[in-house]
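Reading the structure
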Amino acid sequence: MKLRFKNMYLCSVLCVLFIPAETLIAESGLKPIVTSKQITSLINAVEDLISTYGSGYAGGHKYLAQSKAMAAEVNASNNKVTARAFKKLQHRALTANPLLAAQPIIYTVHALDRYGTHIYMRPNTYVKQGGELKVLDAATGQTQTLLSAPQGIIRRPCVSFDGKRVVFAMSKSLKDNFHIYEVAVDSKSIFGSGELPAKQLTFAPDVSDVDPIYLPDGSIAFVSTRDIKYVPCDTQIVSQLFRMDSDGANIHQITRSTSHENELSVMPDGRILYSRWDYVDRNFGDGHGFWVTNPDGTNQAIVWGNNTAHPSAGWSARFIPGTGKLLCVLGTHHGTMGGALAILDIRKAIEGRESVQRTWPEDISKRFENLPTYDPKKDRGRTDVRQATLQWPEEARKLLAGDANMRLYGWTDALNNVRPWYNSPYPLSDKYFLCVRADVKKDPPGIYLVDTFGNEVLIHKEQSGLYSPMPLAARAKHVAIPPRRDYGEGDGTFYIQNVYEGTHMEDVTPGSIKYVRVVEAISKRGRSSGNWLGLGNQAPALNWTDFNAKRILGTAPVEKDGSASFYVPSDRYLYFQLLDKDGMMVQSMRSGTSIHSGETLGCVGCHESRPSAGSASFAGKFTIAAKRTPDKLKPWYGAERAFSYAAEVQPVLDKHCVKCHDFGKKGAKKLVLAGDKTPSFNVSYMELWSKGYTGAIGAGPAAHMPAKSWGSHTSRLIKTIRKGHNNVKLDKESLDRLITWVDINAPYYPTSYAAFTGHRPGRIPINPQQTQRLLKLTGLRDREIGQMKDFNSPMITFDRPELSPCLERLKKGSDKYNEALAIIKSGKEFLKTTPRADMPGFTLYKTDAKRQAHYEKYRKIERQVRKAIRKGTKVFDSDEPSPNTMGL
């Protein structure tokens, strides 16, 4: 008789209530030979457990005797010990570990985890719906479902310090965003209790909240899309860190950056450890590292990996008790957030592989040796990477051969198919760890116990994937750090001890740095369906290869001892640049930080060894800047504003250059510097970038760059002008505008918001049908208007359509010529009524306007919550969305 289940979810539940240990240990196969290394690993672990726990490790001496007897058989000439026999003994001996046997394990069940770098925050069709929150008795194999979501997903549970509550994220269906929930538990009577009622803590229907953790003071930190922004190199919505009271009140933002922040845990010193995707003036693929912040969001700092290209990404870091080490996953940029299991000793180094103490599997380091560079025969379609490196300044390209971190190709997915595949690590001690593991990443992972002796034991497996195992028990409460901000809207204060200390600053002459410039990297809050393929997928076009719009907040003086102190606006994502007497950039941060109202934050120098960075205390050394009132930033030619190439740079070129460097003029043989609008940018911008005149780094390498290796000191444009090209003399402000533009990485648009959508590359003023017809008439390739490539000279001008170089391919006056010209002229007319973001009169298209309204709504709520915190009152989450903000 065959049983047919209409409800396949019910079928899977009935089938996975319990899988015997014999089934689990058989999965490795029946290889007849067990190695001496394997049995030695088991003996070492058993001896350690006996030494550590004594009689608390039940059966320890029996397991040791059995292991040694098996070792004798293994070492005999006629070794016939089977893998089945070894696995059976290993499973019994190591699951008796008191860290495992004496406490239930909580975990989640759902289909294969497709949440990754890009798709993280929302319920999506990449993940099959249907999930459970369950507990496991590892000693008996018994499980209990605490909560089920048949049409949804449950993610990343966290157990409270007293072991009595569990907080987690849940989506009840594809139409429901993730919200934070909590259940009360009693580990002593949990089995047989049935499903538990869940208390919902966050309610806003137009955002997703995930990754909750309990903080030592009882509050809860999590990540959310309330501060709406999108991946700068693509279109997915991203998360930032938030915090709320234990009852869900006073939800407020504690960190700000431009891309994902997620996978939180708590350090023993009370700080929050989290993963952050961070790229300013650099490529996106290897911008993943581990950061820390105080629970109130103050004192943000890198822990590991921000400038490490190989491996490209770190995930799911947790502090290993009693050590200065992290347990984590080393993974890939694309795909899921799994990979190789690793121990990092962050006391040795905060960058590179020097800190990688151990990995599972052991041989992953081989994947980073002799990584391939671009091969035009094998790597078609990767022209964006090759062109990005070709357009770096020569000083930067010289480093390619000598520094693996400078390579742009072969890095992001070196661990894409690591076998076995690991996820969700949790340290039980400094030697024993929980994680989930699958032989290949496409298989549903099971829960494993891994130790430093070389053992990996399957604890539990079901037909669906298992994730986020953690003991359901009380644990030592970590330090509770008091607030260091005033929850207002005022400025914060930065101190720099000595700008001459730090990476690649040894050749900078003391006294040569005169100013520090503060720049805001503006988050991507709008997006379009059209894109520009520079390095990555800009949607819409923003810059040549860099991914951030910029806002210059001003400069502050640097004292003769290299110190500086200055006020900066709070709630911004900032980075710093060091300038010489001519206002030219010597070094740039290429990362970012933020500061809160009332916070004081300090650093030792420029790219200093981060473990030495503190708050405002510099080991008793009183600098000149520390003895005086901090400076107010000196504005850059007027009130602060988003930098627009068309408004800040093109007028300089119009005044001094275009009379010679225009279409049909003598100077056009080298450069056309007219401001005519092209499908993505304007003519002069494309000419300067494509022909290598800027000196900017664009989407540069992960590694720290030497001083003066890019920017105005390497710029062909700036060098030519300073030499007195054809007796052209620029006034001080005009020259400074060009220098500053180059030094902030030669951006174009002031915003990621668009005036219209559906037109590739997101800024072109003709529709897709017109675009395709124009390509066919003129023989242009699609990438010539929507993708960076060699000498990507502008082919279309919408200001003077008849001068469009693409028309030179057609016989003037022919039907094809007239049709092509008419299409370009229609674009000119369209821009008169719908100005894009590089024109006066620009307004947001409908969906971007909704996104802006969403952002303003939650900024208003943020101010209300801060006011409540100052007054000691409470504001709770609203379950009513603002108009027109759903599904953004």
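Look above for the structure.
Let me begin by describing the structure that accompanies this report. Just so we're clear, the structure is a prediction, and the values are computed from it rather than from any experiment.

Rules and cut-offs
- Residues numbered from 1 in each chain as written.
- Predicted model: local features only at pLDDT ≥ 70, side-chain atom pairs only at ≥ 80, totals over all residues.
- Heavy atoms only, no water.
- Helix = DSSP H or I, 4+ residues; strand = E, 2+ residues; numbered from the N terminus.
- Buried < 20%, exposed > 50% of the residue type's maximum accessible area, 1.4 Å probe, protein only.
- Contact = heavy atoms within 4.5 Å.
- Areas by Shrake-Rupley, 256 points an atom, 1.4 Å probe, with all protein chains shown as cover.
- Axes fitted to C-alpha atoms, helices over the stretch in contact; angles between N-to-C directions.
- Parallel < 35°, antiparallel > 145°, perpendicular 65-115°, else oblique.
- Left-handed = near helix turned anticlockwise from the far one by under 90°.
- Nonpolar A, V, L, I, M, F, W, Y, C, P; charged D, E, K, R; others polar.
- Patch = residues over 30% accessible without salt bridge, like charges linked within 9 Å, V, L, I, M, F, W, Y side chains within 5 Å.
- Salt bridge = Lys/Arg side-chain N within 4 Å of Asp/Glu carboxyl O.
- Lys, Arg positive; Asp, Glu negative; His and termini not counted.
- Charge placed at Lys NZ, Arg CZ, Asp CG, Glu CD.
- Pairing = 2+ DSSP bridges.

Notes on the overall build of the chain
- Helices and strands together make up the secondary structure of the chain, namely 17 helices and 31 strands.
- The proportion of buried residues among the 888 residues of the chain is 62%.
- Within the chain, counting contacts between residues at least 6 apart in sequence, those at least 24 apart form 66% of the total.
- Total accessible area on the chain stands at roughly 34,200 Å², and carbon and sulfur atoms take up 52% of it.

Looking at unusual backbone geometry
- Following Trp-360, the chain continues to Pro-361 via a peptide bond in cis, the omega torsion being -5°.
- Considering the arrangement of structural elements, one finds Pro-361 in the loop between β19 (356-360) and α7 (383-390).
- The peptide bond linking Ala-539 to Pro-540 adopts the cis configuration, its omega dihedral lying at 5°.
- Within the secondary structure, Pro-540 sits in the loop between β26 (515-522) and β27 (549-557).

So, the packing of helix α3 (residues 36-53) against helix α4 (residues 60-75)
- Running from N to C, α3 and α4 point in directions that differ by 160°, and their axes come no closer than 9 Å. Overall, the two elements α3 and α4 adopt an arrangement that is roughly antiparallel. Along this stretch, α3 crosses α4, giving a crossing that reads as left-handed. From α3, Ser-36, Ile-39, Leu-42, Ile-43, Val-46, Glu-47 and Ile-50 reach across to α4, where they touch Gly-60, His-61, Tyr-63, Leu-64, Ser-67, Lys-68, Met-70, Ala-71, Val-74 and Asn-75.
- The residue makeup of the contact of α3 with α4, split by class, is 10 nonpolar, five polar and two charged.

Some details on a positive patch on the surface
- Together, Lys-62, Arg-84, Lys-88 and Arg-92 make up a region of like positive charge exposed at the surface.
- Take the positive patch: its biggest share by element is three residues, from helix α5 (residues 83-95).
- Within the secondary structure, Arg-84 is located in helix α5.
- A relative accessible area of 37% places Arg-84 in the partly exposed class.

Points about the sheet that holds β26
- The four strands lie next to each other as β27-β26-β29-β30, forming an open sheet whose pairing is antiparallel. The open sheet has two free edges, formed respectively by β27 and β30 (585-588), since each of these has just one partner strand. Neighbour-to-neighbour, the strand axes of the sheet open up by a mean angle of 30°, direction not taken into account.
- Note that strand β29 (residues 574-579) and β30 share three bridges and pair antiparallel. For Leu-578, the partnering residue across the bridge sits in β30 and is Gln-587.

Remarks on the sheet that holds strand β10 (residues 240-244)
- Strand order in the open sheet formed by four strands is β8-β9-β10-β11, and the pairing between neighbours is antiparallel. The open sheet has two edge strands with one neighbour each: β8 (209-214) and β11 (252-253).
- Of the strand pairs in this sheet, strand β9 (residues 220-224) and β10 are connected by five bridges, and their pairing is antiparallel. In the sheet register, Ala-221 faces β10, and the bridge partner there is Arg-243.

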